[in-house]
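A closer look at the structure
Chain by chain, the residues:
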Amino acid sequence: MAEKMNPEVSKKDIYKVGVRWLMSNTSAWNWERMQNVAFAWSMVPVLKKICKNKEEMGHALSRHMSFFNTEPTIGSPLVGAVAAMEVQKANGEDIPDDVFNAIKSGLMGPMAALGDSLFASTGNALLLSFGMGLALEGNVMGPIIFMVLWTAITVGFTLWGVQFGFREGMKIMDSEIFSPAMIARATAFLSILGLTVVGGLSAQFVSLATSISWTNGESTTQLQGILDGLMPGLLPFIIIMVTWYLHDKKNMSVIKLLLMLIVIGTIGSLLHVF
Amino acid sequence: MTLIQAVLIALFTYLAWIATPWLGGQGVSYHVFGKPLVAGLIVGLIMGDVKNGIIIGATINALYIGAVTPGGAMASDINIAGYVGTALALSTGVSAEMAVSIAVPLGLIGTFVWQLFATINSFLVHKTDQYAAEGDVAKLTFMTIGLPQMIAFVFRFVPAFLVLYFGASAAQNIVQFIPEWLTGIITVIGGILPALGMAVLLKMLLSTPSLIGYFIIGYILIAALGLPIFTVALIGIGLAMISMLHKSEQEEAY
């Protein structure tokens, strides 16, 4: 019985789902249901194979017009897993719409958290920092290395992730790569590497020098010269630490800090401190 | 700036936007081509000054290094800041520090485009509901990558083109008449603003306070020792291996 109903969903169809998801995930993004249109549209290559008529297609598409939002790259296995559920349903398993919604909304949060904190921010920033450091040295390989590597990682993971999700179905969250221990280790490794590179980057990109000097008899002493004798780049370091402290420990918003830095720069420059 | 340069750069402010699918969606457009570092390279190629392009792009990027978009909240339009900021800086010949000060207001204005776009999409989604319920795949495709992209193109390309084509010569004139004290202020501000990007990134990376030690080491390696960034990255990998792997090997040994 199952043979007769079993739709021919090939690896190529899932590849098409992956390409659609990769490209469209933010295209019709809206405040109300966020990535929902892209999600429904991404299901089309699979639904075309399993829906027998327009009515069935309509039901299936409407099912995926509900709220959806995740980090699109790390969340890609979820797209494949939902495609697998559609095939199961077409094969005669009784999967009500509620179950689709429960699984999507249950997994999209954790995947977004992982994707935003580890992948799209820490991982991206790490490679980006590296490219920026090279670029500031005048090396054109800085932007090129970043472009090639991050594009390969994103496209590769998304297309693989959708296939992986389709193969594993709902077992995706049990798999090794999403285990808390694995994530904790990867986060710690990237944090240490990231902090070291960002430290170096800060020294390259933040600049501040004082122009305070005083004359004693015949010799003029530059304050900056004394500071450089202690530690080169001391003033930028203090500015970064103060900004970080206010942002992280005092929860000051980015806009307020932006204004604060502008005021410090303006007053300092007008009073000839900097 | 020539007409063709303004058209090409304005085209990239559309293509490299977060919602544009043609270069590979958010993951590639926003996270690769949208970064000011890459914008610096592309604008540098278009304007025939790659070296200054990438230096300015990287400097503008430092301000936005920690910028992510959790749940679609965007603090600043780094794409406009990168492309238009670099282009205006190159055409006026100002320093990288002054380029940062040009980029900040551009980035703030750009966020309204995203908010307007997502608001229009919130109306469109109800029409999409209807097409989806009818099972009309062609119309769903149009509502996913057709109509929103036409709107996005108009919202991104037109203002960027106008600013670039007509603004560049105006900016050139303005820059000539900026008094020295104002140049001083803008340069100091441009020098310290990247501290904000670093602070945001630090907040994100510092899972425990003691990890700030690694930041200090990285800072000294370049500020005091002047090592290249590649060397610093290798030292970072070494430190991460000692801290992480050594610990887990010890745990396994017992």
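Computed from a prediction, not measured in an experiment: that's the story for all the values here.

**Focus on the overall build of chain A**
- Within chain A, the secondary structure is distributed over eleven helices and two strands.
- Taken against the 2.2 N^0.38 rule, which gives 19 Å for 274 residues, the C-alpha radius of gyration of chain A at 26 Å runs more than 25% over that of a compact globule.
- Out of the 274 residues in chain A, the part that is buried amounts to 47%.
- Taking contacts inside chain A between residues at least 6 apart in sequence as the whole, the part at least 24 apart equals 74%.

**Remarks on the overall build of chain B**
- Along its length, chain B carries eleven helices and zero strands.
- From first element to last, N terminus to C terminus, chain B shows the α and β order α-α-α-α-α-α-α-α-α-α-α.
- Structurally, chain B occupies a C-alpha span of about 65 × 60 × 25 Å along its principal axes.
- Looking at chain B as a whole, 55% of its 254 residues qualify as buried.
- Pairs at least 24 residues apart make up 68% of the contacts formed inside chain B by residues separated by at least 6 positions.

**As for the packing of helix α2 (residues 11-24) of chain A against helix α3 (residues 36-50) of chain A**
All names here are of chain A.
- It is at 8 Å that the axes of α2 and α3 come closest, and there the two elements cross at 165°. When the interaxial angle is binned, α2 and α3 end up roughly antiparallel. In this structure, α2 crosses over α3, and the sense of that crossing is right-handed. Side by side, α2 and α3 meet where Asp 13, Lys 16, Val 17, Arg 20, Trp 21 and Ser 24 of the first sit next to Ala 38, Trp 41, Ser 42, Met 43, Pro 45, Val 46 and Lys 49 of the second.
- Per-class residue counts for the contact of α2 with α3 are seven nonpolar, two polar and four charged.

**Topic: the interface of chain A and chain B**
- Listed per partner, the contact involves 99 residues of chain A and 92 residues of chain B.
- Taken together, the elements giving at least two residues each to the side of chain A that touches chain B come down to α2, α3, α4 (54-63), α6 (97-136), α7 (141-168), α8 (180-205), α10 (234-249) and α11 (254-270) of chain A.
- Residue contributions to the side of chain A that touches chain B peak at 18 residues, all from α8 of chain A.
- Split by residue class, the side of chain A that touches chain B holds 55 nonpolar, 36 polar and eight charged.

**With respect to the pairing of strand β2 (residues 219-222) of chain A**
- Where strand β1 (residues 213-216) of chain A lies against β2 of chain A, four bridges are found, and the strand directions are antiparallel. Paired with Trp 214 of chain A across the two strands is Thr 221 of chain A, which belongs to β2 of chain A.

**Digging into the domain arrangement of chain B**
- Split into domains, chain B comes out as domain 1 (3-205) and domain 2 (207-254).
- Summarising the inter-unit geometry, the C-alpha centres of domain 1 of chain B and domain 2 of chain B are found 33 Å apart.

**Points about unusual backbone geometry**
Residue and element names in this part refer to chain A.
- Of note in this structure, Met 34 is not a glycine but carries a positive phi near 55°.
- Counting through the fold element by element, Met 34 comes out in the loop between α2 and α3.
- The class of Met 34 is buried, set by 24 C-beta atoms lying within 10 Å.
- Unlike most non-glycine residues, Asn 251 shows phi in positive territory, near 50°.
- Assignment of secondary structure puts Asn 251 in the loop between α10 and α11.

**Observations regarding the environment of Gly 110 of chain B**
All names here are of chain B.
- Tracing the chain through its elements places Gly 110 in helix α6 (residues 96-133).
- Counting along the chain gives 103 residues from Gly 110 to Gly 213, while the straight-line C-alpha distance between them is 36 Å.
- In contact with Gly 110, not counting residues within four places along its chain, are Asp 77 and Ile 80.

**Digging into the domain arrangement of chain A**
- Here chain A is partitioned into domain 1 (2-196) and domain 2 (206-270).
- Of note, the centres of domain 1 of chain A and domain 2 of chain A, computed from C-alpha atoms alone, are 44 Å apart.

**Digging into helix α2 (residues 25-33) of chain B**
- Within α2 of chain B, nine of the nine residues are buried, which leaves the element mostly enclosed by the surrounding structure.
- Among the residues of α2 of chain B, those classed as buried are Gly 25, Gln 26, Gly 27, Val 28, Ser 29, Tyr 30, His 31, Val 32 and Phe 33 of chain B.
- Buried residues in α2 of chain B make contact with α2, α6 and α7 of chain A together with α1 (3-15) and α3 (36-47) of chain B.

**Re the environment of Met 132 of chain A**
- Assignment of secondary structure puts Met 132 of chain A in helix α6.
- Separated by 140 residues in sequence, Met 132 of chain A and His 272 of chain A have C-alpha atoms that sit 31 Å apart.

**Looking at the packing of α6 of chain A against α7 of chain A**
Residues and elements named next belong to chain A.
- Put simply, α6 and α7 touch, their axes get as near as 7 Å, and they point 155° apart. Accordingly, the angle class assigned to the pair α6 and α7 is roughly antiparallel. The chirality of how α6 crosses α7 is right-handed. For the pair α6 and α7, contact is made by Asn 124, Leu 127, Leu 128, Gly 131, Met 132, Gly 133, Leu 134 and Ala 135 and by Met 141, Gly 142, Pro 143, Ile 145, Phe 146, Leu 149 and Trp 150, respectively.
- Tallied by class, residues from the contact of α6 with α7 come to eleven nonpolar, four polar and no charged.

**Some details on the confidence of the model for chain A**
- Per-residue pLDDT for chain A averages 87, and the proportion of residues at 70 or more is 95%.
- Segment residues 1-5 of chain A is flagged for pLDDT under 50; beyond a separation of four residues in sequence, or across chains, it makes five contacts in the model.

**Observations concerning the environment of Gln 149 of chain B**
- Following the sequence through the fold, Gln 149 of chain B ends up in helix α7 (residues 137-177).
- Judged by C-beta crowding, with 20 C-beta atoms within 10 Å, Gln 149 of chain B ranks as buried.
- Considered as a pair, Gln 149 of chain B and Ile 109 of chain B are 40 residues apart in the sequence and their alpha carbons are 20 Å apart.
- Here Gln 149 of chain B is in contact with Ser 27 of chain A together with Thr 20 of chain B, once residues within four sequence places are set aside.

**Notes on the confidence of the model for chain B**
Residues and elements named next belong to chain B.
- Residues of chain B with pLDDT of at least 70 account for 94%, and the chain-wide mean is 87.
- Looking over chain B, one finds the lowest element-wise mean pLDDT in helix α11 (residues 229-253), namely 81, and the highest in α3, namely 96.
- For this predicted complex, the interface confidence reaches an ipTM of 0.82, while the overall pTM sits at 0.82.

What counts, and at which threshold
Each residue is numbered by its place in its chain's sequence as written, counting from 1. Going through the entries in the order they are written, you letter the chains from A and number the ligands from 1. Only residues with pLDDT of at least 70 get local features here, since the model is predicted, and only at 80 or more are side-chain atom pairs given and counted; chain-wide, interface and lining totals rely on the full set of residues. Put simply, DSSP H or I for four residues or longer makes a helix, DSSP E for two residues or longer makes a strand, and each gets a number counted from the N terminus. Radius of gyration means the value over C-alpha atoms here, while the globule rule gives 2.2 Å times the residue count to the 0.38 power. Exposure classes come from backbone-placed C-beta atoms, where a residue is buried if 20 or more other C-beta atoms lie within 10 Å of its own, exposed if 12 or fewer do, and partly exposed in between. Two residues qualify as a contact pair if the distance between their C-beta atoms, derived from the backbone, is within 7 Å. Only the stretch in contact is used when a helix axis is fitted, and all axes are lines through C-alpha atoms; the angle between N-to-C directions ranges over 0 to 180 degrees. Small angles under 35 degrees read as roughly parallel and large ones over 145 as roughly antiparallel, with 65 to 115 read as roughly perpendicular and the rest as oblique. For any helix crossing, the convention is left-handed if the near helix is rotated counterclockwise from the far helix by under a right angle, and right-handed if that rotation is clockwise. Three residue categories are used. Nonpolar comprises Ala, Val, Leu, Ile, Met, Phe, Trp, Tyr, Cys and Pro, charged comprises Asp, Glu, Lys and Arg, and polar comprises the others, including Gly. For two strands to be treated as a pair, DSSP must find at least two bridges joining them. Residue ranges assigned to the domains are those given by an automatic or database domain assignment. Confidence of the predictor in every single residue is expressed as pLDDT, which spans 0 to 100.

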